[in-house]
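Residue strings, one per chain:
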Amino acid sequence: MNILLERNLKKAKLFLLGSKIYREPFEAYYFRLPENIQVNWKRDGDFIVGKVIAEKNEFMTQGKSADDFVEMVNDAIYTVYGIPLEYMDAIKKARPYYPPAEIKKQLEDLSIMGNTLSIKRNNNAMQMA
């Protein structure tokens, strides 16, 4: 089955049936994520394209805007690290890999054609989750 179709079916099932999120698995999945990531990004037409390096994993993603790109980086990491769909939304709310304001401004600044950023997982977010 197509991965995108499978993911959309799971989302529909979660929407219709609801899902319980339990603290212990949430924390286990959260701390499964890498402590640090590095993103080498550049502009390619209307897109921001990035190579993400997370521990021994390297993969590519892209986004149309700075916010979209940050979301796509996070989604790619959750997928690579096997975070179940029902926990992805809860983990997204904790914003584990959100760039600092000055880096986010670079992503939004169309005159900057590329850069490298390193992001440390936001463990303080666990106190709010």
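Quick note: structure is the one above.
Below you will find a few notes about this structure. Quantities reported herein were computed from a predicted structural model and do not represent experimental measurements. (Residues numbered from 1 in each chain as written. Predicted model: local features only at pLDDT ≥ 70, side-chain atom pairs only at ≥ 80, totals over all residues. Heavy atoms only, no water.)

1. Considering the packing of helix H3 (residues 66-80) against helix H4 (residues 85-94)
Axis angle and axis distance: for two packed helices, these are the angle between their axes and the distance between the axes, and together they describe the pair. It is the contact of H3 with H4, at a shortest axis distance of 11 Å, that shows an interaxial angle of 135 degrees. Classified by the angle between their axes, H3 and H4 sit oblique to one another. Taken as a pair, H3 and H4 cross one another with a handedness that is right-handed. On H4, the residues touching Glu71, Asp75, Tyr78 and Thr79 of H3 are Met88, Ile91 and Lys92. Partitioning the contact of H3 with H4 into residue classes produces three nonpolar, one polar and three charged. (Axes fitted to C-alpha atoms, helices over the stretch in contact; angles between N-to-C directions. Helix = DSSP H or I, 4+ residues; strand = E, 2+ residues; numbered from the N terminus. Parallel < 35°, antiparallel > 145°, perpendicular 65-115°, else oblique. Left-handed = near helix turned anticlockwise from the far one by under 90°. Contact = heavy atoms within 4.5 Å. Nonpolar A, V, L, I, M, F, W, Y, C, P; charged D, E, K, R; others polar.)

2. Brief notes about the pairing of strand S3 (residues 57-63)
The sheet contact formed by strand S2 (residues 47-54) and S3 spans seven bridges and is antiparallel. Bridge pairing in S3 links Val49 to Gln62. (Pairing = 2+ DSSP bridges.)

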